[in-house]
Amino acid sequence: MGGDCLGLGGSRGRHGNAPPPLFRPVPARVLRHSGRGLEVPRRPGARTGPATKDPTAVERANLLNMAKLSIKGLIESALSFGRTLDSDYPPLQQFFVVMEHCLKHGLKVRKSFLSYNKTIWGPLELVEKLYPEAEEIGASVRDLPGLKTPLGRARAWLRLALMQKKMADYLRCLIIQRDLLSEFYEYHALMMEEEGAVIVGLLVGLNVIDANLCVKGEDLDSQVGVIDFSMYLKNEEDIGNKERNVQIAAILDQKNYVEELNRQLNSTVSSLHSRVDSLEKSNTKLIEELAIAKNNIIKLQEENHQLRSENKLILMKTQQHLEVTKVDVETELQTYKHSRQGLDEMYNEARRQLRDESQLRQDVENELAVQVSMKHEIELAMKLLEKDIHEKQDTLIGLRQQLEEVKAINIEMYQKLQGSEDGLKEKNEIIARLEEKTNKITAAMRQLEQRLQQAEKAQMEAEDEDEKYLQECLSKSDSLQKQISQKEKQLVQLETDLKIEKEWRQTLQEDLQKEKDALSHLRNETQQIISLKKEFLNLQDENQQLKKIYHEQEQALQELGNKLSESKLKIEDIKEANKALQGLVWLKDKEATHCKLCEKEFSLSKRKHHCRNCGEIFCNACSDNELPLPSSPKPVRVCDSCHALLIQRCSSNLP
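Just so it is clear, the structure is predicted and the values come from calculations on it, not from any experiment.

**What to know about the overall build of the chain**
Part 1 of the argument: When you go through the chain residue by residue, the secondary structure sums to 12 helices and 12 strands.
Part 2 of the argument: Buried residues in the chain amount to 28% of all 655 residues.
Part 3 of the argument: Sequence-distant contacts, at least 24 apart, represent 68% of the contacts inside the chain between residues at least 6 apart.
Part 4 of the argument: Surface accessibility of the chain: about 45,500 Å² in total, with carbon and sulfur atoms responsible for 52%.

Here it is as structure tokens:
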């Protein structure tokens, strides 16, 4: 390839292949950048026919090739120079210029009040919403004092993302959300097409490089983004350094592999440590709970013994008291039976006498009551007759008043008859009715007068009979009073005898009540004893339940101890494996000429295969095994010796 021209799609790769025919060699100095991307100027008089490609597709391809060249050149030069790069490093500056051109391709022009705006800061601000870890970069970019333009902020954002080694992650999140990108980019832009995804995939390789950039001191607003193609032109010396770069790449791959293994092992060890800590904490808690349960069991056993002793004492006392009370009750019952027989005989005789006397008294009282009732009936009849007389006199007075009123009405009617001839017939009828009423009233008055005369005669006869009856009653009452006085004397004697019997009965009832109280007290005590027995049985049940809980907790502690011992053994095995892996080295293809196990020489038919566990090189027959490793969850190739060792370790770890 010439010294002053470069084919943007045809740079020689690792094996020195010729450029593809799609891209024509163009002088590097003549390439210029327009608003849409890199443009290749046409020669004067060149033919443009229907076979020419879409210019936006050509621009995307050119930018993709430039991104490949810049990323590859940056990685190769960084490996030869040293992986920590400063901001003055030319390949790094060119990489930022190329990334700026890639992000600017196909940007939409945004109209503002004063001018047209077209910057890459808008889509980069979206990353904060899509990827929360990018908020720190956005905040630090906004806090930088020297930045005034959106382009300067975008350049600072790219530098900070490279230092964080997350540029590929941020841009991947941005490319996935094409709906949001369509607000900032045209449909044919590089970030909207497949070329953008390819560039993001290439950016993953920059995680090998460590960049130490000072963003505060740089003037990022006024920098001119011009691509220098002379850096990517290769000499014969570069071809000689190819083998050395291959060796460096292999060393870096080996180192990255070992670092990933160490990270995964460290993560597993930390997770196991956290599990062990949690198990130890739970073990200590269970031990404390067990100690508390043991103390509670001891206390309950002591209380149980005390309750048993108290129960025995109460039972002895109650039995003694019951025996004494039984003897007393039997003696008192015998005395009560003897005394009651004599009293019953006396009571029966007195009762007979009372019955005879009460019958005589009732007969006399019945006769007196009949006589008194007759007298009351006569008095009531007299009162009723007087009331009838008074009522009849009142009715006579009322009838006389009605007659006077009728007379007045008749006078008024006669006066009205003179004034009105039309109502004569009706008023004559009313007068006739009134005359009939007056005739009836006069007849009733005559009947009432006859009844009064008869009542007066009956009253005179009743008064004569009352006088005769009163004389007879007085004679009979004198004789009855004499008999009553005699019987009252007998009653007084009987009442005194009854009082004596009542007093004797009261004393006996008091004794019976005392005995009943004693029996009720004994019954209460027996109920208390029964309740104490129930409480004792409940305590025994609780004691058995606590014993069961104690045995279950002991079994759980034993199981936890077994699990702890198993986890400690697993941690020791992992530590040993980690130590063994730290000592392992990924053997190079050139260093191995024979298989390590069968010692057969490698050839075109017998190819070399790396064991992913120990890193040594074996033939296909000695490494035809696959097992998942801590570094990769998927099954990978393992040699026979590592396969046997890993299976033995897994079987020993199983319960």
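Alright, that's what it looks like, and here's the rest.
**Remarks on helix H6 (residues 167-176)**
Part 1 of the argument: In terms of burial, H6 is largely enclosed, as 7 of its 10 residues are buried.
Part 2 of the argument: All buried positions along H6 are accounted for by Met167, Ala168, Tyr170, Leu171, Cys173, Leu174 and Ile175.
Part 3 of the argument: Contacts made by the buried residues of H6 are with helix H2 (90-104), helix H3 (121-130), helix H4 (135-143), helix H5 (150-164), helix H7 (178-181) and helix H8 (194-203).

**Focus: the nonpolar core**
Part 1 of the argument: With 60 residues, the main nonpolar core has Phe95, Trp157, Met167, Leu171, Tyr185 and Leu203 as its most contacted residues.
Part 2 of the argument: Listing elements by their share of this core, those giving two or more residues are helix H1 (55-81), H2, H3, H4, H5, H6 and H8.
Part 3 of the argument: Once residues within four sequence positions are removed from consideration, leucine 171 is found in contact with Met99, Leu103, Leu124, Val200 and Leu203.
Part 4 of the argument: Counting residues in hydrophobic clusters, the runner-up holds 16 residues, among them Phe618, Val636, Cys639 and Cys642.

**Topic: the packing of aromatic side chains**
Part 1 of the argument: Here the structure, examined in full by the defined rule, presents 3 aromatic pairs.
Part 2 of the argument: With a centroid separation of 5.8 Å and an interplanar angle of 45°, the aromatic rings of tryptophan 157 and tyrosine 170 are classed as tilted. On the criterion of sequence distance, the pair formed by tryptophan 157 in helix H5 and tyrosine 170 in helix H6 is long-range, its members being 13 residues apart.
Part 3 of the argument: Using a relative accessible area of 0% as the deciding quantity, one classes tryptophan 157 as buried.
Part 4 of the argument: Ring-pair connections join several aromatic residues into one group, and the members of that group are Tyr131, Trp157 and Tyr170.
Part 5 of the argument: Seen from the ring of phenylalanine 96, arginine 159 lies directly overhead, with NZ or CZ sitting 4.3 Å from the centre.

**A few points about the UniProt feature "coiled-coil region" (unreviewed entry) in the chain**
Part 1 of the argument: Within the UniProt annotation, "coiled-coil region" (unreviewed entry) is assigned to residues 276-310 and 347-577.
Part 2 of the argument: Spanning residues 276-310, this segment combines 100% helix with 0% strand, and its end C-alpha atoms are found 51 Å apart.

**As for the side chain of arginine 155**
Part 1 of the argument: Residue position: arginine 155 is located in helix H5.
Part 2 of the argument: When its relative accessible area of 4% is taken as the criterion, arginine 155 is described as buried.
Part 3 of the argument: Within the local environment of arginine 155, its side chain forms a polar contact with the side chain of glutamate 100, the two groups lying 2.9 Å apart.

**Some thoughts on the environment of cysteine 614**
Part 1 of the argument: As for its placement among the helices and strands, cysteine 614 is situated in the loop between strand S9 (609-610) and strand S10 (617-618).
Part 2 of the argument: Cysteine 614 sits 25 residues away from cysteine 639 along the chain, and the two C-alpha atoms are 8.3 Å apart.

**Let's talk about the packing of H4 against H5**
Part 1 of the argument: Relative orientation of the contacting elements H4 and H5 amounts to 135°, with a least axis distance of 10 Å. What the angle tells us is that H4 and H5 run oblique. Of the two possible hands of crossing, H4 and H5 adopt the one that is right-handed. Mapping the contact onto sequence places Glu136, Ile137, Ser140 and Val141 in H4 and Arg153, Ala156, Trp157, Leu160, Ala161 and Gln164 in H5.

**Details of the pairing of strand S12 (residues 632-638)**
Part 1 of the argument: Pairing between strand S11 (residues 625-629) and S12: 5 bridges, direction antiparallel. Bridge pairing links asparagine 625 to valine 638 in S12.
Part 2 of the argument: Counting the residues that bridge the hairpin from S11 to S12 gives 2 residues.

**A closer look at the state of the cysteines**
Part 1 of the argument: Applying the stated criterion across every chain yields a total of 0 disulfides.
Part 2 of the argument: Free of any disulfide, cysteine 598 has its nearest cysteine sulfur in cysteine 595, 3.5 Å distant.
Part 3 of the argument: Overall, the relative accessible area of 31% leaves cysteine 598 in the partly exposed class.
Part 4 of the argument: Note on cysteine 611: no disulfide assigned, nearest cysteine sulfur contributed by cysteine 614 at a separation of 3.6 Å.

**Description of a positive patch on the surface**
Part 1 of the argument: A surface patch of positive charge is lined by Arg340, Arg351, Arg352, Arg355 and Arg505.
Part 2 of the argument: In terms of residues, the positive patch owes the most to one element, helix H10 (residues 242-419), which gives 4 residues.

**Things to note about the pattern of salt bridges**
Part 1 of the argument: Evaluated as defined, the whole model comprises 8 salt bridges.
Part 2 of the argument: Between glutamate 125 and arginine 142 there is a salt bridge, with the nearest N and O atoms lying 3.6 Å from each other. Placement of the pair is glutamate 125 in helix H3 and arginine 142 in helix H4, with a sequence separation of 17 residues.
Part 3 of the argument: Accessibility expressed as a relative area gives 41% for arginine 142, which makes it partly exposed.
Part 4 of the argument: The partner of glutamate 128 in a salt bridge is arginine 142, with the nearest N and O atoms 2.9 Å apart. Of the two residues, glutamate 128 is situated in helix H3 and arginine 142 in helix H4; the sequence distance between them amounts to 14 residues.
Part 5 of the argument: Each member of the salt-bridge network shares a partner with another, and the members are Glu100, Lys104 and Arg155.

**Comments concerning unusual backbone geometry**
Part 1 of the argument: You will see that lysine 165, though not glycine, has its phi angle at about 60°, which is positive.
Part 2 of the argument: With phi around 60°, glutamate 599 is a residue other than glycine that occupies positive phi space.
Part 3 of the argument: Looking at where glutamate 599 falls in the secondary structure, it is placed in the loop between helix H11 (424-583) and S9.
Part 4 of the argument: Glutamate 599 sits in the exposed class, given a relative accessible area of 59%.

**Observations concerning the side chain of threonine 56**
Part 1 of the argument: Tracing the backbone through its elements, the reader meets threonine 56 in helix H1.
Part 2 of the argument: Residue class for threonine 56 comes out buried when judged on its relative accessible area of 9%.
Part 3 of the argument: Reaching out from threonine 56, the side chain makes a polar contact with the side chain of aspartate 54 at a distance of 2.6 Å.
Part 4 of the argument: Threonine 56 has contacts with His105 and His188, leaving out every residue within four places of it along the chain.

**A few points about a negative patch on the surface**
Part 1 of the argument: Together, Glu461, Glu463, Asp464, Glu465 and Glu467 make up a region of like negative charge exposed at the surface.
Part 2 of the argument: Here glutamate 465 lies in helix H11.
Part 3 of the argument: Since its relative accessible area comes to 56%, glutamate 465 is described here as exposed.

Conventions we followed
Residues numbered from 1 in each chain as written. Predicted model: local features only at pLDDT ≥ 70, side-chain atom pairs only at ≥ 80, totals over all residues. Heavy atoms only, no water. Helix = DSSP H or I, 4+ residues; strand = E, 2+ residues; numbered from the N terminus. Buried < 20%, exposed > 50% of the residue type's maximum accessible area, 1.4 Å probe, protein only. Contact = heavy atoms within 4.5 Å. Areas by Shrake-Rupley, 256 points an atom, 1.4 Å probe, with all protein chains shown as cover. Core = buried A, V, L, I, M, F, W, Y, C linked by side-chain atoms within 4.5 Å. Phe/Tyr/Trp six-rings, centres within 6.5 Å; stacked < 30°, edge-to-face > 60°. Lys NZ or Arg CZ within 6 Å of the ring centre and 35° of its normal. UniProt positions renumbered as here; feature names shortened; annotations may be inferred. Polar contact = N/O pair within 3.5 Å; in protein donor to acceptor, adjacent residues only side chain to side chain. Axes fitted to C-alpha atoms, helices over the stretch in contact; angles between N-to-C directions. Parallel < 35°, antiparallel > 145°, perpendicular 65-115°, else oblique. Left-handed = near helix turned anticlockwise from the far one by under 90°. Pairing = 2+ DSSP bridges. Disulfide = S-S within 2.5 Å. Patch = residues over 30% accessible without salt bridge, like charges linked within 9 Å, V, L, I, M, F, W, Y side chains within 5 Å. Salt bridge = Lys/Arg side-chain N within 4 Å of Asp/Glu carboxyl O. Lys, Arg positive; Asp, Glu negative; His and termini not counted. Charge placed at Lys NZ, Arg CZ, Asp CG, Glu CD.

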